[in-house]
Amino acid sequence: MENIAEYIKEGRSDSWRIELRKSMKTKERTSYERVKMPEQDPHIRNKNSIEVNSGISEEMAIAESHRCLDCPAPTCTIGCPVGINIPEFIKKIEIRDFLGAATVIKETNALPAVCGRVCPQEKQCELSCFYTQKLHKPPIAIGNLERFSADYERNSGKMSIPNVAESNGIKVAVVGSGPSGLAAAGDLAKLGYDVTVFEALHEIGGVLKYGIPEFRLPNDIVDIEIESMRKMGVKFHTNFIVGKTASFDDLKEQGFKAFFVGSGAGLPRFMNIPGENFNGIFSSNEYLTRINLMKAAYDDYDTPVLFGKNVAVIGGGNTAMDSVRTAKRLGAERSMIIYRRSIEEMPARVEEVHHAQDEEIEFMNLHNPVEYFADENGRVNRMRIRKMRLGEPDASGRRRPIPIEGSEFDIAVDLVVVAVGVSPNPIVPSSLKDLKMTNWGTIVVDKDTMQSSIPNIFAGGDIVRGGATVILAMGDGRVAAAGMHKYLQEKVKAN
Amino acid sequence: MNKIVEKEFFSENVAKIVIESPDIAIIRKAGHFVIIRIDEKGERIPLTIADGDKEKGTITVVVQKVGVTSAKLLAMNEGEEILDIVGPLGHATHIEKKGTVLCAGGGVGVAPLMPIVKALKKAGNKVITVLAGRTKELIILEDEMRNYSDELIVMTDDGSYGKKGLVTAGMEEVIQREKVNMAVLIGPAIMMKFGSLTTKKYNIPTVVSLNTIMVDGTGMCGACRVSVGGKTKFVCVDGPEFDAFQVDWSQMMMRMGAYKMQEHEAYEKYLRTVETVA
């Protein structure tokens, strides 16, 4: 990754890029308005599971690409955890080489159609864009353009498979098929390794499948990206829990030389308040898994789920937004967010909060649940909430929520989704006695290589971060793949 | 993959199913369970492993028809394949020499009890087993259990076989007679609750294996959570075995009924489709 700045710089002096920069004056480029992503009408979409954003057209993409100044020092790329050559792909769009744009993205990003949909661009590339930083204008719609390129390529039927180095015959294992595992697997395959991804569930994709709903990230899109990884030679093994179905030692005996652990933050947190185990109170993981992975809302699928008229979702992150919007789509009359801080402190993507507001989601900010009550069958029917106010900033830099004593009141609820975060899944750590862990149950790694305290085990994503985003997990996967490569090559040389 | 190699009905609604699953057969121990999904539209359900054969690469489960998924599973024939099996899950039973161990199994709970009885016996314990069921037809694995135990007592509610009475009567009989160092109870929640009230009277450390509602079985969803010793525990990763005296039985039973209505409706619908096909 150290050469990334140089690599990005290099392309800028290609003659076509120079020509293109000359073809339009900066003043004209900066005079255009940022493209607006077309979306389904909020009052229609809050009753269906079709994707909210419908994607930008070729004309819109080209118009947007004109805005990009192809800066000499493209700060946008610094904001990208996977190091996409952003100016290069945008300029490819400008010359109508849409397939070329997709190829550029795929050099460093194994899941472009996914990232174009779920990345918090406003906190990354678009935040560090010249427009945001210096011109104080809306940034280039990098995320929308990424999605456009990936979708164009997919719909063209001419999907390119990234170049894969000649096989080096070295077997490596990836534990978990979520974003970090897929990113690591993609890079390792490109480097010529024989990669097997082990997945505990019956489907590949981890949180992209069980967590993120269809209206934000259709499963078909995830499947197509996985299919191109298969074409790169990556093998997938579902229904296989490393640490349970086979131990790390068993896999070593089968010839695996190194491991990437991306087993995720699969252990939901609850608030440990009275009544939290009543029926109708779900973790967001359970609620979303039943609906997204098990398709419980469809009549012809066997998995059941409870429906609610008055639904409360506790939390202010992306998962909370996904849950509350899902409940609305499944017929809730009231679908509410209950969050202990104000809307400004919400960790969710700004776009998701806006979409939720448009879809008639109620926001009860500065409120926190204190107790649940149930009917005679144990089904939740009421919750007690307390008002909060904001105090001084805490360690996270956000203002600390402080309870207002005596402000409690009750509201009627028949479904509650607790989305207050997740803890690392204990299965892998508990199967490796020598693995160094933090007090929070995450795996300790070297930040530059993602190597754990056991030399042939690398880790990344939520099992290291304890709950972050798809793109940060993917960034970890890429760093780990490079770290594994270095480790394995040194070992090969030593022998 | 996951081929059903043998199916044997113990009674109209209960059958033993032997499934090809070589990876799990090698590594599984007493107390482990698997999650299965029959087909594309199926749900994921936990089943405790009753037996396994490393050489043949098979595992055995015992299934009782209680709803759509179990009915579909019992309707599958030898040679057919189950779409997904994952495991072994949960912690294996902690087996050590305790002295005299009283094992009590109710209904299909006898099946998961079997490997535990076997392992306890092998570890040098004196194992006294009580099998209980409503009627004679519901007593399963009697020969096997007799074989692995030092003594076997059979109880039926209606007295149609063995001694008449509840499982607790059989347990009391043993406890009155001799010193029991530990008890293991597996069966319906209500049976485990009353069984553990009995052992508690005599201060006999008691282990139960909980079979709650699960989705992934790996700690991810929390559907299986239950209060144990005042703390919320996940049966899939913290269990499935717990100290019986710490389990909040009423909460567990309440949570087991979370989908009662949906399950009932789905089963009625399933029965209608089966009839139509027939």
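Residues numbered from 1 in each chain as written. Chains lettered and ligands numbered in written order. Predicted model: local features only at pLDDT ≥ 70, side-chain atom pairs only at ≥ 80, totals over all residues. Heavy atoms only, no water.

Colleague: Where do I start with a nonpolar patch on the surface in this structure?
Modeller: Together, B:I190, B:F194 and B:L197 make up a nonpolar patch on the protein surface, roughly 280 Å² of accessible area in all. Position of B:F194 relative to the elements: it lies in helix α6 (residues 189-201). (Patch = residues over 30% accessible without salt bridge, like charges linked within 9 Å, V, L, I, M, F, W, Y side chains within 5 Å. Areas by Shrake-Rupley, 256 points an atom, 1.4 Å probe, with all protein chains shown as cover. Salt bridge = Lys/Arg side-chain N within 4 Å of Asp/Glu carboxyl O. Helix = DSSP H or I, 4+ residues; strand = E, 2+ residues; numbered from the N terminus.)

Colleague: Looking at this structure, how should I read the packing of aromatic side chains?
Modeller: Aromatic ring pairs: the centre-centre distance and the angle between the two ring planes describe each pair. All names here are of chain A. Here the structure, examined in full by the defined rule, presents 11 aromatic pairs over all chains. Between the aromatic rings of F198 and F240, the centroid separation amounts to 4.6 Å while the plane-to-plane angle is 40°, which identifies the pairing as tilted. Of this pair, F198 sits in strand β2 (residues 194-198) while F240 sits in the loop between β3 (235-237) and α14 (248-253), placing them 42 residues apart in sequence. In this pair, the class of F198 matches that of F240, namely buried. Grouped by ring-pair contacts, the aromatic residues F98, F148 and Y152 constitute a single cluster. Lying across the ring of F256, K171 places its NZ or CZ 4.6 Å from the centre. A cation over a ring is seen here: R382 above F373, with NZ or CZ 4.1 Å from the ring centre. (Phe/Tyr/Trp six-rings, centres within 6.5 Å; stacked < 30°, edge-to-face > 60°. Buried < 20%, exposed > 50% of the residue type's maximum accessible area, 1.4 Å probe, protein only. Lys NZ or Arg CZ within 6 Å of the ring centre and 35° of its normal.)

Colleague: Would you explain the pairing of strand β11 (residues 380-393) of chain A in this entry?
Modeller: Successive side chains on a regular strand alternate, one facing one side of the sheet and the next facing the other. Residues and elements named next belong to chain A. Direction of pairing for strand β10 (residues 367-374) relative to β11: antiparallel, over a ladder of 7 bridges. Within β11, the residue paired with A374 across the bridge is V380. Counted between consecutive antiparallel strands, the loop separating β10 from β11 contains 5 residues, among which G378 sits at a positive phi close to 85°. Pairing of β11 with strand β12 (residues 399-403), which is carried by 4 bridges, proceeds in the antiparallel orientation. Bridged to L390 within β12 is P401. Count of turn residues in the β11/β12 antiparallel hairpin: 5 residues, of which G397 carries a positive phi of about 85°. (Pairing = 2+ DSSP bridges.)

Colleague: What am I meant to see in helix α15 (residues 284-293) of chain A here?
Modeller: Since the α-helix packs 3.6 residues into each turn, any two residues three or four apart lie on the same face. All names here are of chain A. In terms of burial, α15 is largely enclosed, as 10 of its 10 residues are buried. Restricting attention to buried positions, one finds in α15 the residues S284, N285, E286, Y287, L288, T289, R290, I291, N292 and L293. A positive phi of about 55° marks K295, the residue just after α15.

Colleague: Which parts of the structure should I look at to understand the domain arrangement of chain A?
Modeller: For interface size, the figure often reported is the accessible area lost on association. All names here are of chain A. Per the domain assignment, the segments making up chain A are domain 1 (4-156), domain 2 (171-266 + 424-494) and domain 3 (268-422). A straight line from the C-alpha centre of domain 2 to that of domain 3 covers 30 Å. Residue-level contacts link 17 residues of domain 2 with 17 residues of domain 3. Taking both sides of the interface into account, the surface hidden between domain 2 and domain 3 amounts to around 1300 Å²; carbon and sulfur atoms contribute 54%. (Domains from an automatic or database assignment. Contact = heavy atoms within 4.5 Å. Buried area = accessible area lost by both parts, 1.4 Å probe.)

Colleague: How do you make sense of the interface of chain B and chain A when you look at a structure like this?
Modeller: Facing the 41 residues of chain B at the interface are 40 residues of chain A. For the pair chain B and chain A, the summed buried surface comes to about 3400 Å²; carbon and sulfur atoms form 54% of the total. The largest contributions to the chain B side of the interface with chain A come from B:K41, B:M220 and B:Y259, which together make up 21% of the buried area. Linking chain B with chain A are 3 salt bridges. A salt bridge links B:K72 to A:D302; the shortest N-O distance between them is 2.8 Å. For the pair chain B and chain A, the interface holds 19 residue pairs in polar contact (both at pLDDT 80 or more). Of all the elements in the fold, those that place two or more residues in the side of chain B that touches chain A are α1 (22-27), α2 (68-75), β7 (84-89), β14 (225-228), β15 (231-234), α8 (249-256) and α9 (260-277) of chain B. For the side of chain B that touches chain A, the element with the most residues is β7(B), which contributes 6 residues. Of the residues assigned to the side of chain B that touches chain A, the class counts are 17 nonpolar, 12 polar and 12 charged. (Polar contact = N/O pair within 3.5 Å; in protein donor to acceptor, adjacent residues only side chain to side chain. Nonpolar A, V, L, I, M, F, W, Y, C, P; charged D, E, K, R; others polar.)

Colleague: Got a minute to help me understand the packing of α15(A) against helix α16 (residues 318-329) of chain A in this structure?
Modeller: For any two helices packed against each other, the geometry is given by the interaxial angle and the distance between the axes. All names here are of chain A. Two numbers describe how α15 lies on α16: the axes approach to 10 Å, and their chain directions differ by 50°. By the angle class used here, α15 and α16 are oblique. Handedness of the crossing formed by α15 with α16: left-handed. Only T319, D322, S323, T326 and A327 of α16 make contact with α15, whose side of the interface consists of S284, Y287, L288 and I291. Grouping the amino acids of the contact of α15 with α16 by side-chain chemistry returns 4 nonpolar, 4 polar and 1 charged. (Axes fitted to C-alpha atoms, helices over the stretch in contact; angles between N-to-C directions. Parallel < 35°, antiparallel > 145°, perpendicular 65-115°, else oblique. Left-handed = near helix turned anticlockwise from the far one by under 90°.)

Colleague: What should I look at first to understand the pattern of salt bridges in this one?
Modeller: Any two side chains of opposite charge can pair, so long as their charged atoms come close to each other. Residues and elements named next belong to chain A. Per the stated rule, a full pass over the model turns up 56 salt bridges over all chains. Notably, a salt bridge pairs E39 with R45, separated by 3.1 Å at the nearest N-O pair. On the basis of relative accessibility, which here comes to 30%, the residue E39 falls in the partly exposed class. Exposure remark for R45: the relative accessible area of 0% places this residue in the buried category. Close ionic contact of D187 with R478 constitutes a salt bridge, the shortest N to O distance being 2.8 Å. One end of the pair, D187, is in helix α11 (residues 179-190); the other, R478, is in helix α20 (residues 470-494), and 291 residues separate them in sequence. The pair formed by D187 and R478 is uniform in burial state, with each residue classed as buried. By sharing partners, the salt bridges in this structure join E39, R45, R216, D322, R325, R329, R349, E351, E352 and E359 into a single network.

Colleague: Would you explain the environment of A:P268 in this entry?
Modeller: Relative to the helices and strands, A:P268 is located in strand β5 (residues 267-268). The exposure class assigned to A:P268 is buried, which follows from its relative accessible area of 8%. C-alpha of A:P268 to C-alpha of A:V418: the two residues are 150 residues apart in sequence and 8.7 Å apart in space. The residues touching A:P268, leaving out its near neighbours within four places in the chain, are A:S283, A:N285, A:G421, A:V422, B:G219, B:M220, B:C221, B:G222 and B:F234.

Colleague: What am I meant to see in the sheet that holds strand β16 (residues 241-243) of chain B here?
Modeller: Strands belonging to one sheet form pairs held by backbone hydrogen bonds; the direction of such a pair is parallel or antiparallel. Residues and elements named next belong to chain B. Strand order in the open sheet formed by 7 strands is β11-β10-β9-β8-β12-β13-β16, with mixed pairing between adjacent strands. This sheet does not close on itself; its edge strands, each paired only once, are β11 (163-164) and β16. Both strand β8 (residues 100-106) and strand β12 (residues 182-186) contribute to a ladder of 5 bridges, which runs parallel. Residue pairing for β12: L102 is matched across the bridge by A183. The sheet strands contacting helix α5 (residues 167-177) are β8, β9 (126-133), β10 (151-156), β11 and β12, and the helix crosses β10 at an angle near 145°. Sitting on the sheet, α6 is in contact with β8, β12 and β13 (206-209), with an inclination near 165° to β12.

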